Amino acid sequence: MGELTKTRIYAKSINEGFEKAKKYFNKDFSELEYKLISSDGEGDKKYLLEFSLKSSNIGKSGKLFEEVFLDDFEVMITKNKMKAYILVPPKPKKIDRDYILELLNENGVKKGIMEDKIDLLVHLVNSESKKIESTFLVAEGKPAVNGYNAEVLLKSDEQQEDFFVEESLDRIDYKNIKKNKLGIVKKDSPVAYYNPPTKGKSGFLVTGEILEAKDGEDIIVKLNENVLKKNNIFYSTIDGLLGYKFIGNVVELEVSNVYFVRGNVDYKTGNIEFPGSVIITGELQAGFTVKSGENIIANTISGEAHAKGNIIVKEGIIGSSHAKRCKVRAGKSVEATFIQFADVVANEDIAVKNLIRDSMVVTDGKITCLGKPGNIYGGVFYATKGLEANILGSPSFTKTKIVVGASAKYVSRLSKLTEEKNNLEKSLQQILNFLGSIEQRMDSLDEEKRKVVNRLIEEKKKVRRNLYHIYQSMDEIKSRLKEGVDSEIIFHKEAMPGVIAAIGEYYLELNKLVRAGKFIFNPEKKEVEVVSLK
């Protein structure tokens, strides 16, 4: 392999370039020739140097710097004409600033001249300083700065928390990591800001040419009826969901009362709370909650749904078991194909197509289940305006309790009050058991024990007051159970043993299968009876 005779080397300084060349050729400096190719790079590639071996028949012995570098000052302009350098010879003559300025002018350097740099160079040369760089920057151009395009910036909620920690990082509530409050805006609040386009600023080259700059471009902003602009600020006129699209130079900004979930409500979305309607194309999964200020429309609900308006479910409202029922609350009506293992409450009608089973369903309106098979069984059903289905009960005689009339909501309330009463009575008994006769011996107790006993005495009084109010409410409800006995429970095909029909304060439990009929209240007999539909 022949001897290497020439190479180009990048370096951050001239000296570093020589050190690299020395190692590359394995030669002493005195055996190398040097040429500066460029010095407008950055960092480790600031300089590009070309090194070659001296031929044996030219040159003379001596110091490399005396042979390779310039004999006099020269000007070098970078290819992009943004910088101009003075190349300093190894043994520079004394100079003044006019000399450098004239040298620059002769080489076409017209603008961006750095007077302070020239003064420093003159000082270093004339003081014979050894710290002079061989390539000295003395002029620099100015790049053109284009104007910024107009833009619409969404307002961010800096106080929003992405998730909540209960006690430690091991107990993060992952269901709330994405709470979907991004995009939710309040009435009369700013939702976005308009930044107008800016003017461009021209630049120049060291040779004097002007670099033209472009002005920023404006954009077209389209607003829907729920957004208004005032002094470059966009405001929402309703509580709703902020939508933002940017296509080309057109920005569409809208606030709507509908929030779309394309897919399931699960760990990817987290719990949702939205002032308008919520549409879920998939399932509201178990363990997750959706709260809507208007309507909820979903394919399936297995979690918890609260709507001030209607709840419409394409498929089913379905929990996993009796102990793990899903929970649905509607300010208006509920519609679904089927309901199973659910706790459903509505202020208006509940219409189910195929089946309601093993659930508690409560409404101030009417419950209907008239599809195929149109069966209701297992659980408790309260319907103020009546209930209508094809089939009531099941062949296995599953207990199915149906309460209709004005009494329905009272029975539901009475059930909850009874549970509260039982819990309070249990708490009261525990307090009484603990206190025993200790209240009679207060004087013999130390201060700490007296504080504990006094707290329990106050709690006892509080529990008794609450119980008194519950007893009053229960008595009032019981007196109203006699009202509204004109509602009916209709079954178009059959009602099976195990069905309990309650109207007012009276009820009837079937012990045999009955075909096509209805339960009504007979005011003369003061009882619930079944009459045929035929």
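Scoring rules and cut-offs
- Residues numbered from 1 in each chain as written.
- Predicted model: local features only at pLDDT ≥ 70, side-chain atom pairs only at ≥ 80, totals over all residues.
- Heavy atoms only, no water.
- Buried < 20%, exposed > 50% of the residue type's maximum accessible area, 1.4 Å probe, protein only.
- Helix = DSSP H or I, 4+ residues; strand = E, 2+ residues; numbered from the N terminus.
- Arc of directions from axis to C-beta.
- Contact = heavy atoms within 4.5 Å.
- Patch = residues over 30% accessible without salt bridge, like charges linked within 9 Å, V, L, I, M, F, W, Y side chains within 5 Å.
- Areas by Shrake-Rupley, 256 points an atom, 1.4 Å probe, with all protein chains shown as cover.
- Salt bridge = Lys/Arg side-chain N within 4 Å of Asp/Glu carboxyl O.
- Lys, Arg positive; Asp, Glu negative; His and termini not counted.
- Charge placed at Lys NZ, Arg CZ, Asp CG, Glu CD.
- Polar contact = N/O pair within 3.5 Å; in protein donor to acceptor, adjacent residues only side chain to side chain.
- Phe/Tyr/Trp six-rings, centres within 6.5 Å; stacked < 30°, edge-to-face > 60°.
- Lys NZ or Arg CZ within 6 Å of the ring centre and 35° of its normal.
- Pairing = 2+ DSSP bridges.

Quick word on helix α3 (residues 97-106)
Here's step 1: For α3, the set of buried residues is Ile 100, Leu 103 and Leu 104. On an axial view of α3, the arc spanned by its buried residues comes to 100°, and they lie on one face. In α3, the exposed positions angled more than 90 degrees off the buried face are occupied by Asp 98 and Glu 106.
Here's step 2: Close packing links the buried residues of α3 with β4 (74-77), β5 (83-87), α4 (115-126) and β6 (135-140).

As for a negative patch on the surface
Here's step 1: Taken together, the side chains of Asp 96, Asp 98, Glu 102 and Glu 106 present a region of like negative charge at the surface.
Here's step 2: Summarising the element assignment, Glu 102 is placed in helix α3.

A word on the side chain of Ser 236
Here's step 1: On the secondary structure map, Ser 236 appears in strand β14 (residues 233-236).
Here's step 2: Here the side chain of Ser 236 touches Ile 238 through a polar contact of 2.5 Å, landing on its backbone oxygen.
Here's step 3: Look past the residues within four positions of Ser 236 in its chain and what remains in contact with it is Val 185, Lys 186, Lys 187, Asp 188, Ser 189, Val 191, Asn 226 and Val 255.

A look at the packing of aromatic side chains
Here's step 1: Tallying each qualifying case throughout the model produces six aromatic pairs.
Here's step 2: A centroid spacing of 5.6 Å and a plane angle of 50° characterise the contact between Phe 491 and Phe 519, whose relative ring orientation is tilted. One end of the pair, Phe 491, is in strand β33 (residues 489-495); the other, Phe 519, is in strand β36 (residues 514-522), and 28 residues separate them in sequence.
Here's step 3: A relative accessible area of 0% places Phe 491 in the buried class.
Here's step 4: Its guanidinium or amino end placed over the ring of Phe 136, Lys 117 lies 5.9 Å from that ring's centre, counting from NZ or CZ.

Details of the environment of Ala 286
Here's step 1: By the element assignment, Ala 286 lies in the loop between β19 (277-284) and β20 (289-292).
Here's step 2: Sequence separation between Ala 286 and Asp 266 is 20 residues, and the spatial gap between their C-alpha atoms is 8.3 Å.
Here's step 3: With near-sequence residues (within four places) excluded, Ala 286 lies in contact with Ser 302 and Gly 303.

Observations concerning a positive patch on the surface
Here's step 1: Taken together, the side chains of Lys 291, Lys 327, Arg 413 and Lys 416 define a basic patch exposed on the protein surface.
Here's step 2: Of note, Lys 291 is situated in strand β20.

A look at the sheet that holds strand β12 (residues 220-223)
Sheet strands pair by backbone hydrogen bonding; their relative direction is either parallel or antiparallel.
Here's step 1: Read from one edge to the other, the open sheet built from four strands follows the order β8-β15-β16-β12, with strand pairing classed as mixed. Sheet topology places β8 (184-185) and β12 at the edges, where each strand pairs with a single neighbour.
Here's step 2: Relative to strand β15 (residues 240-247), β8 runs antiparallel, the two being bridged by two bridges. Within the sheet, the bridge partner assigned to Ile 184 lies in β15 and is Leu 241.

Digging into the pairing of strand β27 (residues 342-346)
Here's step 1: Within β27, five of the five residues are buried, which leaves it mostly tucked inside the rest of the structure.
Here's step 2: Residue alternation in β27 divides its side chains into two sets, Ala 342, Val 344 and Ala 346 and Asp 343 and Val 345, and both sets are buried.
Here's step 3: As judged from the five bridges shared by strand β25 (residues 326-330) and β27, these two strands associate in the parallel manner. By the bridge assignment for β27, Arg 329 is matched with Val 345.

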